[in-house]
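Per-entry structural report
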Amino acid sequence: MAEISAQPFSFPFRKQEIALVVIDMQRDFAEPGGFGASLGNDVGRITKIVPEVKRLIQGFRDAGLPVIHTMECHRPDLSDLPPAKRNRGKPSLRIGDEGPMGRILIAGEPGTAILPELAPIEGEVVIEKPGKGAFYATELSDVLKEKSIKQLVFAGVTTEVCVQTTMREANDRGYECLLCVQATESYFPEFKEAAFAMIRAQGAIVGWTADIDDILETISHA
Ligand code: TIU
């Protein structure tokens, strides 16, 4: 059986059952004037990983393996935005407010779009999600069942928020989860490292982590 060199031990690769899930590579998290910046974060950290995320996506496309994209966003009438999420903290702009790239984290607004370099191509599924996890209140489970997917490789942002939440949701649903180290980023370097450590501790309690070149090497032979 093919394997991907990973931590804490090799990931058992099954080409008929694997997909890449790219979490929330949206302008709102990566560009000034968006949601991430409104929370006081250095969004420049996010743009640095774009070439690696692009390389990983291209590897999956070249191998004929599915790529799924997610977007954190809400309906224009905010009916899927609980006050507990909207009113958290003291951001300079709240979700739904008008910002320089349109309304913050609202479906269809320019700032909510996926970064153009990483845009989905025809045939790729895009999941719009109102939560941090991609399974909550979305069709993701149905999409994965329909494609007989049982293994998920994760990329995207932020490592310890939407990526880790989704990995934990997926792990509990029985998916084998592998996080690509170079294709994820956090606004807090120490949180990224802590997330990697938490995920792979205790014999891969949440999942595996692997380097991008090891993932691309294995899938290129798929
Ligand atoms: N996509 C995602 O991670 N949403 C966040 O709000 N992340 C933060 O780190 N704030």
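Before reading on, note that the structure itself is shown above.
What comes next concerns the included structure. Every chain is numbered on its own, with residues counted from 1 as its sequence reads. Restriction of local features to residues with pLDDT of at least 70 applies here, the model being predicted, together with a cutoff of 80 or more for giving and counting side-chain atom pairs; totals for whole chains, interfaces and linings are based on all residues. For side-chain calculations, the full set of non-hydrogen atoms in the structure is used, while hydrogens and water are omitted.

A look at unusual backbone geometry
Note: most residues except glycine have negative phi, and most peptide bonds are trans. Cis geometry marks the peptide bond from Gln 7 to Pro 8; its omega dihedral reads 5°. Where helices and strands are cited, they refer to DSSP runs of H or I of at least four residues and of E of at least two residues respectively, numbered from the N terminus. Tracing the backbone shows Pro 8 in the loop between strand E1 (3-4) and strand E2 (11-12). We note that Ser 148 has phi near 55°; this positive angle belongs to a residue other than glycine. Relative to the assigned elements, Ser 148 resides in the loop between helix H6 (140-146) and strand E8 (151-157). For every residue, the accessible area (1.4 Å probe, protein chains only) is compared with the maximum for its type, and the residue is labelled buried under 20%, exposed over 50%, or partly exposed between those bounds. For Ser 148, a relative accessible area of 40% corresponds to the partly exposed category.

Things to note about the nonpolar core
In this structure, Leu 20, Met 25, Leu 56, Phe 60, Leu 178 and Ile 215 are the most contacted members of the largest nonpolar core, which totals 45 residues. If one sorts the elements of this core by residue count, helix H4 (residues 50-62) sits on top with five residues. A contact between two residues is defined here by any heavy atoms of the two lying within 4.5 Å. Setting aside residues up to four positions removed in sequence, Met 25 forms contacts with Ile 46, Ile 49, Val 50, Val 53, Thr 70, Ala 113, Ile 114, Leu 115, Leu 118, Gly 156 and Val 157. Each nonpolar core is a collection of buried residues, namely Ala, Val, Leu, Ile, Met, Phe, Trp, Tyr and Cys, held together in the definition by side-chain atoms within 4.5 Å.

Looking at the packing of aromatic side chains
Side-chain rings of Phe, Tyr and Trp (the six-membered ring for Trp) are treated as a pair once their centres are within 6.5 Å; stacked means planes under 30 degrees apart, edge-to-face means over 60, and tilted covers the remaining angles. Counting across every chain of the model gives five aromatic pairs. Centre to centre, the rings of Phe 29 and Phe 35 are 6.0 Å apart; their planes meet at 85°, and the pair counts as edge-to-face. Neither Phe 29 nor Phe 35 differs from the other in exposure class; each is buried. With a centroid separation of 5.9 Å and 35° between ring planes, the pair formed by Phe 135 and Tyr 175 is classed as tilted. Within this pair, whereas Phe 135 is found in the loop between strand E7 (125-129) and H6, its partner Tyr 175 is found in the loop between helix H7 (159-172) and strand E9 (176-185), the two being separated by 40 residues in sequence. The exposure class assigned to Tyr 175 is buried, which follows from its relative accessible area of 9%. Three or more aromatic residues joined by ring pairs form one cluster here, namely Phe 9, Phe 11 and Trp 208.

A few points about the pattern of salt bridges
Salt bridges are identified by distance alone: a Lys or Arg side-chain nitrogen within 4 Å of an Asp or Glu carboxyl oxygen. Taken as a whole and judged by the stated rule, the model has twelve salt bridges. Here Lys 129 ties to Asp 24 by a salt bridge, and the two come within 2.7 Å at their closest N and O atoms. Of this pair, Lys 129 sits in strand E7 while Asp 24 is found in the loop between strand E3 (18-23) and helix H1 (27-30), placing the two residues 105 residues apart along the sequence. Residue Lys 129 shares its accessibility class with Asp 24, and that shared class is buried. Residue Glu 185 pairs with Lys 192 through a salt bridge whose shortest N-O separation is 3.3 Å. An identical accessibility class is assigned to Glu 185 and Lys 192; each is buried. Salt bridges sharing common partners tie together Arg 14, Glu 17 and Glu 176.

Description of the side chain of Thr 209
Tracing the backbone shows Thr 209 in strand E10 (residues 208-210). One polar contact links Thr 209 to Arg 200, side chain to side chain, over a distance of 2.7 Å. Among all residues touching Thr 209, those that are not within four sequence positions of it are Ala 6, Gln 7, Leu 178, Leu 179, Val 181, Phe 196, Ile 199 and Arg 200. Whenever a nitrogen or oxygen atom comes within 3.5 Å of another N or O atom, the pair is scored as a polar contact, on the condition that within protein one atom can donate a hydrogen and the other can accept it, and that pairs from neighbouring residues in sequence are kept only if both atoms are in side chains.

A short note on the site of the ligand
For each residue, the test is whether any non-hydrogen atom lies within 4 Å of the molecule or strand; if one does, the residue is near. Close to the ligand lie Asp 24, Phe 29, Phe 35, Leu 39, Glu 72, Lys 132, Val 157, Thr 158, Val 161, Cys 162 and Tyr 187, which account for all nearby residues. Contact with the protein chains removes 93% of the 280 Å² of surface that the ligand exposes when unbound. For the shell around the ligand, a count of residues per class yields seven nonpolar, one polar and three charged. A 1.4 Å probe and the Shrake-Rupley method give the accessible areas. Residues count as covered only by the protein chains that appear here. When residues are sorted by character, Ala, Val, Leu, Ile, Met, Phe, Trp, Tyr, Cys and Pro go into the nonpolar class, Asp, Glu, Lys and Arg into the charged class, and all the rest, Gly among them, into the polar class.

Focus on the sheet that holds E9
Any two strands are treated as partners once DSSP identifies two or more bridges connecting them. The strand order E7-E4-E3-E8-E9-E10 describes an open sheet built from six strands, whose pairing is parallel. One side of each edge strand has no neighbouring strand; the edge strands of this open sheet are E7 and E10. Between one strand axis and the next, the sheet turns through 25° on average, direction left out of account. The pairing of E3 with strand E4 (residues 67-72) spans four bridges and is classified as parallel. Paired with Ile 23 across the two strands is Thr 70, which belongs to E4. On top of the sheet, helix H9 (residues 212-219) reaches E8, E9 and E10; it is set at about 125° to E9, its chief contact. Inter-axis angles, ranging from 0 to 180 degrees, are taken between N-to-C directions of lines fitted to C-alpha atoms, where helices are fitted over the stretch in contact.

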